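Overview (structure and organization)
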Amino acid sequence: MVPADVFRDQPVLTGDLVELRPLDAETGAPLVGALVDMDPEVRRLTGTHRRFTREEVQEWNRTRPDHHDRADWVIVERAGGTTVGDCALTELDPDNASAGYRIALASTAHAGKGYGTAATDLVLEYAFTVAGLHRVALEVFDFNPRARRSYEKSGFVREGVWRQALHWDGEWHDAVLMSVLAHEYSALRAAGDTGAGDG
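Rules of the game
- Residues numbered from 1 in each chain as written.
- Predicted model: local features only at pLDDT ≥ 70, side-chain atom pairs only at ≥ 80, totals over all residues.
- Heavy atoms only, no water.
- Pairing = 2+ DSSP bridges.
- Helix = DSSP H or I, 4+ residues; strand = E, 2+ residues; numbered from the N terminus.
- Contact = heavy atoms within 4.5 Å.
- Axes fitted to C-alpha atoms, helices over the stretch in contact; angles between N-to-C directions.
- Phe/Tyr/Trp six-rings, centres within 6.5 Å; stacked < 30°, edge-to-face > 60°.
- Buried < 20%, exposed > 50% of the residue type's maximum accessible area, 1.4 Å probe, protein only.
- Lys NZ or Arg CZ within 6 Å of the ring centre and 35° of its normal.
- Salt bridge = Lys/Arg side-chain N within 4 Å of Asp/Glu carboxyl O.
- Polar contact = N/O pair within 3.5 Å; in protein donor to acceptor, adjacent residues only side chain to side chain.
- Parallel < 35°, antiparallel > 145°, perpendicular 65-115°, else oblique.
- Left-handed = near helix turned anticlockwise from the far one by under 90°.
- Nonpolar A, V, L, I, M, F, W, Y, C, P; charged D, E, K, R; others polar.

**Some thoughts on the sheet that holds strand β3 (residues 71-77)**
Overall, mixed pairing links the 8 strands, which are arranged β1-β2-β3-β4-β5-β6-β8-β7 in an open sheet. Of all the strands in the sheet, just β1 (13-14) and β7 (157-168) have a single pairing partner and so form its edges. Across the sheet, helix α6 (residues 182-190) lies against β7 and β8 (171-181), angled at about 70° from β8, the strand it touches most.

In structure tokens, the structure reads:
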């Protein structure tokens, strides 16, 4: 229902609080160090067991513009120009017009300032009004209620649980599955309950 290369002409997305710039070697450079020496709390919240080398991250950034079945952005705080994280639409299913969503702030120092919600709102506006997606889904671990509340603000609805999907520090944790559908997003937008497009 959408082209397999729907993200080929990936735009800059601009709101009042953040600007999302397509990820490439240049825009991703400020995040290389944060991914190589990942904040331990960011590592836990994202369930990232893997360790990355500088070369791996740089190669990943460099090759993102060549992948038109996903859309990767860096999140830049508009007031000061600081790169605070990254987000992406992934796992495109063109036949069913759906994609996954992931977002990570580079440091817990950036948490609680609205950057994540603002970025998510911009991505959803693009996903539903430009790319023509029907469904966007994500997973969030059970020990991250702040992220769940942020996703709910943007219109995501809890739809299930992957039980004991993450093993961290000797304990098993559930992954909460959430999604938002195009008509749900349209209703939120009509009601003025999303900040997407501001600015």
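**Describing the packing of aromatic side chains**
Scanning all chains against the criterion turns up 6 aromatic pairs. Ring centres of Tyr101 and Phe156 lie 6.4 Å apart, and the angle between their planes is 20°; on these two criteria the pair is classed as stacked. Pair noted here: Tyr101 is in strand β5 (residues 98-105) and Phe156 is in the loop between α5 (145-153) and β7, with a separation of 55 residues, a long-range link. A single burial state applies to Tyr101 and to Phe156, both of which are buried. When the ring of Tyr151 is compared with that of Phe156, the centres are 5.8 Å apart and the planes differ by 65°; the resulting orientation is edge-to-face. The pair Tyr151 / Phe156 is uniform in exposure class, with both members buried. Linked through ring pairs, Phe7, Trp73 and Tyr126 together constitute an aromatic cluster. Over the face of the ring belonging to Trp60 we find Arg64, whose NZ or CZ atom lies 3.4 Å from the ring centre.

**A short note on the pattern of salt bridges**
When their charged atoms lie close together, side chains carrying opposite charge are able to pair. Across all of its chains, the model carries 9 salt bridges by this definition. Across the pair Asp5 and Arg8 runs a salt bridge whose closest N-O atoms are separated by 3.0 Å. A relative accessible area of 32% places Asp5 in the partly exposed class. Of the residues examined, Arg8 reaches a relative accessible area of 45% and is grouped as partly exposed. Residue Arg44 pairs with Glu41 through a salt bridge whose shortest N-O separation is 2.8 Å. Of this pair, Arg44 and Glu41 both sit in helix α2 (residues 40-46), separated by 3 residues, roughly a single helical turn.

**Side note on the side chain of Ser179**
Summarising the element assignment, Ser179 is placed in strand β8. In this structure Ser179 comes out as buried when scored by relative accessible area, which is 6%. Reaching out from Ser179, the side chain makes a polar contact with the side chain of Glu159 at a distance of 2.6 Å. Setting aside residues no more than four positions away along its own chain, Ser179 makes contact with Arg135, Val136, Ala137, Gly155, Phe156, Val157, Glu159 and Glu184.

**As for the side chain of Thr117**
Looking at the element boundaries, Thr117 is found in helix α4 (residues 115-129). Take Thr117: its relative accessible area is 18%, and that puts it in the buried class. In this structure the side chain of Thr117 is engaged in a polar contact, spanning 2.6 Å, whose partner is the side chain of Ser150. Those residues in contact with Thr117, other than ones at most four positions away along the chain, are Ser150, Lys153 and Ser154.

**Concerning the packing of α4 against α6**
Running from amino to carboxyl end, α4 crosses α6 at an angle of 120°, the nearest separation of the two axes being 10 Å. Between α4 and α6, the angle falls in the class oblique. Relative to α6, the crossing made by α4 is left-handed. Residues Asp121, Leu124, Glu125, Phe128 and Thr129 of α4 pack against Ala182, Tyr185 and Arg189 of α6. Its residues placed into classes, the contact of α4 with α6 shows 4 nonpolar, 1 polar and 3 charged.

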